[in-house]
Number of protein chains: 2
Amino acid sequence: MALLVVGSVAYDGIETPHGRVDRVLGGAGSYIALAASPFAEVRLVAVVGDDFDDDDEAVLRRRNVDCEGLVRASGKTFYWKGVYNRRMNERRTLATELNVFADFRPRLPESYRDTSHILLGNIQPDLQSLVLDQTPIRRYVAGDTMNYWIERTPDELAATMRRWNTILVNDEEARQLTGEDNLRHAGRAIRRMGPETVVIKRGEHGATLYRTDECFMAPAYPLDKLADPTGAGDAFAGGFMGYLASCGFRETGSAAGADLRRAMIYGSVMGSFCCERFGVDGLKDLRAEQIEERFEEFRAMTAF
Amino acid sequence: MALLVVGSVAYDGIETPHGRVDRVLGGAGSYIALAASPFAEVRLVAVVGDDFDDDDEAVLRRRNVDCEGLVRASGKTFYWKGVYNRRMNERRTLATELNVFADFRPRLPESYRDTSHILLGNIQPDLQSLVLDQTPIRRYVAGDTMNYWIERTPDELAATMRRWNTILVNDEEARQLTGEDNLRHAGRAIRRMGPETVVIKRGEHGATLYRTDECFMAPAYPLDKLADPTGAGDAFAGGFMGYLASCGFRETGSAAGADLRRAMIYGSVMGSFCCERFGVDGLKDLRAEQIEERFEEFRAMTAF
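What you see is a predicted model, and the numbers here were worked out from it, not measured in a lab. (Residues numbered from 1 in each chain as written. Chains lettered and ligands numbered in written order. Predicted model: local features only at pLDDT ≥ 70, side-chain atom pairs only at ≥ 80, totals over all residues. Heavy atoms only, no water.)

Before going further, it helps to examine the sheet that holds strand 7 (residues 91-97) of chain B. Residue and element names in this part refer to chain B. Strand order in this open sheet of four strands is 3-2-6-7, and the pairing throughout is mixed. At either margin of the open sheet sits one strand with a lone partner, and together these are strand 3 (19-26) and strand 7. Strand-to-strand, the axes of this sheet are offset by a mean angle of 15 degrees, without reference to chain direction. Summarising the sheet, strand 6 (residues 79-84) and strand 7 pair through six bridges and their orientation is antiparallel. Paired with K81 across the strands is A95, a residue of strand 7. (Pairing = 2+ DSSP bridges. Helix = DSSP H or I, 4+ residues; strand = E, 2+ residues; numbered from the N terminus. Axes fitted to C-alpha atoms, helices over the stretch in contact; angles between N-to-C directions.)

Structure follows, in structure tokens:
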């Protein structure tokens, strides 16, 4: 099974107490694609500028990410720069230059249109809908969004969300989307907006899944070294949907709950590896054994 | 097996978005004793004033809390008043009147001296030591502390901590105690100070146990209604140590890790019940079946 990923591919400047890098491969689409790649064939839809380095595309290709949908437009690649506080639980954005991303209109290559699983990264809601318009009806869709779209394009967001099976948002977004402080209530309220499964990412505090009457809580891995939290939420989403794509998940049948729980843990595993190194460095060379070993560590840390 | 609890018994004024109460039974000692009482025989050491109501003592006695060590001194009972923000993750203290608690010198009744398990609530570190001086050498000791003592009496705190088997602190206290931002590092650093088991309470985000190379993460229960978070950390400590006392825990043998894990979950269970109602109301009438049912809910929410 394959996973279609739509999201930004960017150059990032990142400063944390452990170091500083600039113009490194980043963007939600890159993190998602790399985190999903150990599980499923990934098909990427994104736009970069003519300054985008072949070596950076090679990072994706080496992980078997299909880059037919990675369009090169005239202009510069999306650039983001941010700096983290000492504890790395807050960050300040120093620069956001949309560049070619400002005119991004996702167009799926013919070969992508039959993809069984789709992960809509955090982009303009009507572009998320546009991607779904280009794919057949029977597919499994997860989507992400952010405060910017919740505030500015609530109707377009509501329209695309009605077509999602799963939503992945962080706790603040869940509260903003519903006006509910209590995350359990927020989970229920979001389910009434369309997605049958709601995953609320809580950063260093783990992630929670709400679905029918079910609630599943995945802890975050207690990292020995947190180098750079950038992209951890996207890596979670990539691991989560990559795993679901690998088992042909359809939200039916008695195994669905168990599949989703394992997907939550694989998401947490990929988020943890992401944080251990700068940018995408924690994801780009991961071996399957490392992933399985950490998955078992999660089991050991939660079983009672 | 029995649990000796030393801590404040107080009158509290509490305001949350869900209501307001004043002069209700509170204090760490009350919360701990009530939360531990379903598991073990609890022996309480505390001081109250001559304004302390017999009905409030009856709340403790009805749960079989031994109140021989609850001294009535001339003066007023410790009074605390606080108000919570809308999300109830922060609170502002409006009043702290130590009253008779200012002169508290714990003296153990003869009948308490053979208690197998001891939980030292958050009081002056040299008073915590004084309690240990009055008990035989072979007992299992857990202690709590807070920023006030970490800042003002670090030497006395270090001295009493060396005699503890387990420490229960929140994340900020763990960071302050060690100067480590990373909680895994903080856990290791605290273990070098004496306690072989470190429990870091993270409020609405759950609790983590560090012990040798082991790490166990208990989630917080996703409450449908959070009425009042006061005492939740103490209720956690009470459930944790009450359960350990009930199984005669000694930190030896192959079952120790499994016992501690279950204790973490029982602690989380009691913390969750505590938050559902104001003051000690969520704890004072709990039935064993309710506790077991929620314990199984925790299993369902974490198994994969």
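According to the stated counting rule, one finds 26 aromatic pairs over all chains in the structure shown. One aromatic cluster is present, formed by F39(A), F216(A), Y243(A), Y266(A), F295(A) and F304(B) through successive ring pairs. Positioned above the aromatic ring of Y221(B), the side-chain terminus of R184(A) is 5.7 Å from the ring centre. Positioned above the aromatic ring of F273(A), the side-chain terminus of R294(A) is 4.1 Å from the ring centre. (Phe/Tyr/Trp six-rings, centres within 6.5 Å; stacked < 30°, edge-to-face > 60°. Lys NZ or Arg CZ within 6 Å of the ring centre and 35° of its normal.)

The next thing to look at is helix 8 (residues 232-246) of chain A. In this model helix 8 of chain A runs 21 Å from its N-terminal to its C-terminal C-alpha over 15 residues, within 8% of the 21 Å that 1.5 Å per residue would give. The first or second residue beyond helix 8 of chain A is G248(A), which carries a positive phi of 60 degrees. (Expected span 1.5 Å × (residues − 1).)

Attention now moves to the relation of the copies chain A and chain B. Least-squares fitting of chain A to chain B yields an RMSD of 0.0 Å, with the superposition described by an axial translation of 0.0 Å and a rotation of 180 degrees. On this basis, the relationship between the two copies can be described by a two-fold rotation axis. For chain A, the residue whose C-alpha comes nearest the rotation axis is H205(A), separated from it by 3.0 Å. Mapped onto chain B, 100% of the interface residues of chain A again fall at the interface, so both copies present the same surface. (Least-squares fit on C-alpha atoms with pLDDT ≥ 70 in both. Contact = heavy atoms within 4.5 Å.)

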